[in-house]
Amino acid sequence: MSDITDLFRSISPDTPEPDAATIEGDLARGRTALVRAHRRSVVRRSVFATGTLAVGVVVAVAATQTGGGSAATNDAGPAHHIKAHHAASAVNLVAYTGKQLEGFTVDRVPAGWHLSTSTQYALLVTANGSTDDDPSVFVDKLAVLTSSADEHGLGPGDPVTVNGQPGHVDNQAGTLILRYNAPNGFGIDIQAPPALHWTADQLVSFAEGVHVTGDAVHARG
Amino acid sequence: MTTERDVQFRAYVEARRGQLVRTATFLAAGDHHAAEDLVQTALMRMYVAWPRVRSETVDAYARKALVNALIDTRRAAAHRFEQARAELPDIPAHDPPATETETTVFAALSALPARMRAAVILRHLCELSVTETAEALGCSEGTVKSQTSRGLTQLREALIADGVALAAPVGHDEPATARTS
């Protein structure tokens, strides 16, 4: 202990225990900040989806104007090109043979994607070449998450069936979110980014190859 | 709806807020209003990050959030002349009467740059190791040692000049020859 430590201790400022109003104020500010963070995340995803679609339109129109592509595509209008590009860019699932990570195993991954990182409550799958392996950032990643133990219900969305279990798929600005209950009691959320251009069926197909292992835990909060 | 996050966060605030305010008061060099702002900002960020905060490192996370809030505040103050608000601040911080020694110590602390002050406080108030302090400040251990050494020297000089009697320094000081980066 130093002379300065002694001095600091001797002038310990008055810090009363927080009252209920103070604690509720901290809680309220935290909740507000969390809502803002979620909104920012959705906006970022929406902007990304819009940008991807715009690139598709530009490529399709350019191909038409320059005479590129097959004769059949040259006969089609711009609207057809947009639809064809959108459908063609959906990323198919392929069998996964690489190393499995903590908390989960997967049977299939999107072609050209790999298991990036995992914790006991989250598995993140990213496109090859992505250098973002931050386990707390889900933007533009295929994310598998265990639900908090106190979260119940499937939330909003269209009903689907995952390995015989009911689930819901919700589309939020191009991001698909599937919530279902795994056989071992875990509630699972899977978030598919717009870049995959998946349908609900493709997301369910991926989910049916996801298995929660014994070292997974419920997310906190 | 009360979630598990709310329950855990409320329990943490109830147990640790007083300690955070104490640390923040030193970081803010005795400005109780600024200290309350630092704590509110740090706790707000902690709530958002709560699912990623491990229980065994939650106090370290809180200290880091406090230091980040302090540094962010200093940066903002550099280009902010006036802040208009639609509402009054949430909670008015009280100004307890300060002793003469408190006034002198906080004045000496306020003369230190924010990061240097934080290094001194984390090492000599919170009694963190050099490694823990480097983690909280997001810098190298060498930087912690040099910042703490310089901070202590300046602090002692200011305190002695103001007539504060200090015991002879023992053991816990940083090597004065520590590298600077």
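Residues numbered from 1 in each chain as written. Chains lettered and ligands numbered in written order. Predicted model: local features only at pLDDT ≥ 70, side-chain atom pairs only at ≥ 80, totals over all residues.

**Observations concerning the overall build of chain B**
When its secondary structure is counted, chain B shows 7 helices and 0 strands. Taken from the N to the C terminus, the helices and strands of chain B come in the order α-α-α-α-α-α-α. Scored against the burial criterion, the 181 residues of chain B give a buried share of 38%. Put simply, of all contacts in chain B between residues at least 6 apart along the chain, 69% involve residues at least 24 apart. (Helix = DSSP H or I, 4+ residues; strand = E, 2+ residues; numbered from the N terminus. Buried ≥ 20, exposed ≤ 12 C-beta atoms within 10 Å, placed from the backbone. Contact = placed C-beta atoms within 7 Å.)

**So, the overall build of chain A**
A count of helical and extended segments in chain A gives 5 helices and 11 strands. Among the 221 residues that make up chain A, the fraction classed as buried is 27%. Put simply, 49% of the contacts in chain A that link residues at least 6 apart link residues at least 24 apart.

**A word on the nonpolar core**
In terms of nonpolar packing, the biggest core is built from 47 residues, with B:Ala24, B:Leu27, B:Leu38, B:Ala42 and B:Leu66 touching the most fellow members. Listed by contribution, the elements that provide at least two residues to this core are helix 1 (3-10) of chain A together with helix 1 (4-27), helix 2 (32-49), helix 3 (58-77), helix 4 (100-110), helix 5 (114-124), helix 6 (130-137) and helix 7 (141-161) of chain B. With 9 residues, the single largest contributor to this core is helix 2 of chain B. When sequence neighbours within four positions are dropped, the list of residues in contact with B:Ala42 reads B:Leu20, B:Ala62, B:Ala65, B:Leu66 and B:Ala69. (Core = buried A, V, L, I, M, F, W, Y, C linked by C-beta atoms within 7 Å.)

**Observations concerning the confidence of the model for chain B**
Do not read the predicted coordinates in detail wherever pLDDT is low. Residue and element names in this part refer to chain B. On average, chain B scores 82 in pLDDT, and the residues at 70 or more come to 77%. Below pLDDT 50 for its whole length, residues 78-89 participates in 0 contacts with residues either more than four positions away or in separate chains. Predicted confidence for residues 176-181 stays below pLDDT 50, and this span has 11 contacts to residues more than four positions away or in other chains. (pLDDT = per-residue confidence, 0-100.)

**Let's talk about the pairing of strand 5 (residues 122-127) of chain A**
Within a regular strand, the side chains alternate between the two sheet faces. Residues and elements named next belong to chain A. Of all the 6 residues making up strand 5, 5 are buried; the element is thus mostly covered by neighbouring parts of the structure. In this sheet, strand 5 lies alongside strand 4 (residues 113-118) in antiparallel orientation, the contact comprising 5 bridges. Bridge pairing links Trp 113 to Ala 127 in strand 5. Hairpin connection between strand 4 and strand 5: a loop of 3 residues separates the two successive antiparallel strands. In the sheet, strand 5 pairs with strand 6 (residues 142-146) via 4 bridges, with the strands oriented antiparallel. Counted as the bridge partner of Ala 122 is Leu 145 from strand 6. (Pairing = 2+ DSSP bridges.)

**As for the pairing of strand 9 (residues 175-181) of chain A**
Residue and element names in this part refer to chain A. Burial within strand 9 is extensive, with 5 of its 7 residues counted as buried. For strand 9 and strand 10 (residues 187-192), the ladder comprises 6 bridges, and the chain directions are antiparallel. The residue of strand 10 that forms the bridge with Arg 179 is Asp 189.

**Quick notes on the confidence of the model for chain A**
Residues and elements named next belong to chain A. For chain A, mean pLDDT is 75; residues scoring 70 or higher make up 70% of the total. No element of chain A has a lower mean pLDDT than helix 3 (residues 71-75), at 33, and none a higher one than strand 3 (residues 108-110), at 95. Note on residues 56-88: pLDDT under 50 across the span, and 22 contacts to partners over four residues away in sequence or across chains.

**Structural notes on the packing of helix 1 of chain B against helix 5 of chain B**
The axes of two packed helices give the description: the angle between them and the distance between them. Residue and element names in this part refer to chain B. Two numbers describe how helix 1 lies on helix 5: the axes approach to 9 Å, and their chain directions differ by 140°. Classified by the angle between their axes, helix 1 and helix 5 sit oblique to one another. Crossing handedness for the pair helix 1 and helix 5: right-handed. Contacts between helix 1 and helix 5 involve Thr 23, Phe 26 and Leu 27 from the first element and Arg 117, Ala 118 and Ile 121 from the second. Residues that form the contact of helix 1 with helix 5 fall into these classes: 4 nonpolar, 1 polar and 1 charged. (Axes fitted to C-alpha atoms, helices over the stretch in contact; angles between N-to-C directions. Parallel < 35°, antiparallel > 145°, perpendicular 65-115°, else oblique. Left-handed = near helix turned anticlockwise from the far one by under 90°. Nonpolar A, V, L, I, M, F, W, Y, C, P; charged D, E, K, R; others polar.)

**A look at helix 7 of chain B**
With 21 residues, helix 7 of chain B should cover 30 Å at 1.5 Å per step; its first-to-last C-alpha distance of 30 Å lies within 8% of that length. Looking only at helix 7 of chain B, the buried set comprises B:Thr143, B:Val144, B:Lys145, B:Ser146, B:Gln147, B:Thr148, B:Gly151, B:Leu152, B:Leu155 and B:Leu159. Residues of helix 7 of chain B that are buried make contact with helix 1 of chain A together with helix 4, helix 5 and helix 6 of chain B. (Expected span 1.5 Å × (residues − 1).)

**Observations regarding helix 5 (residues 200-207) of chain A**
Looking only at helix 5 of chain A, the buried set comprises A:Leu203, A:Val204, A:Phe206 and A:Ala207. The arc that holds every buried residue of helix 5 of chain A, seen down its axis, measures 160°, which confines them to one face. (Arc of directions from axis to C-beta.)

**Examining the environment of A:Leu115**
All names here are of chain A. Summarising the element assignment, Leu 115 is placed in strand 4. Residue classification places Leu 115 among the buried residues on the basis of 20 C-beta atoms within 10 Å. Remark: the alpha-carbon pair of Leu 115 and Thr 126, spanning 11 residues in sequence, is separated by 6.5 Å. When sequence neighbours within four positions are dropped, the list of residues in contact with Leu 115 reads Gly 98, Leu 101, Val 106, Leu 123 and Val 125.

**Side note on unusual backbone geometry**
All names here are of chain A. Although it is not a glycine, Asn 163 adopts a positive phi angle of roughly 50°. Structurally, Asn 163 can be placed in the loop between strand 7 (158-162) and strand 8 (165-172). In this model, His 197 sits at a positive phi of 55°, which is unusual for a non-glycine residue.

**What about the sheet that holds strand 6 of chain A?**
All names here are of chain A. The sheet built from 7 strands is open, its strands ordered 4-5-6-10-9-8-7 with antiparallel pairing. The open sheet has two edge strands, strand 4 and strand 7, and neither has a second partner. Averaged over all adjacent pairs, the angle separating strand axes in this sheet is 20°, with direction ignored. With respect to the sheet, helix 5 is in contact with strand 7, strand 8, strand 9 and strand 10, its orientation differing from that of strand 9 by roughly 45°.

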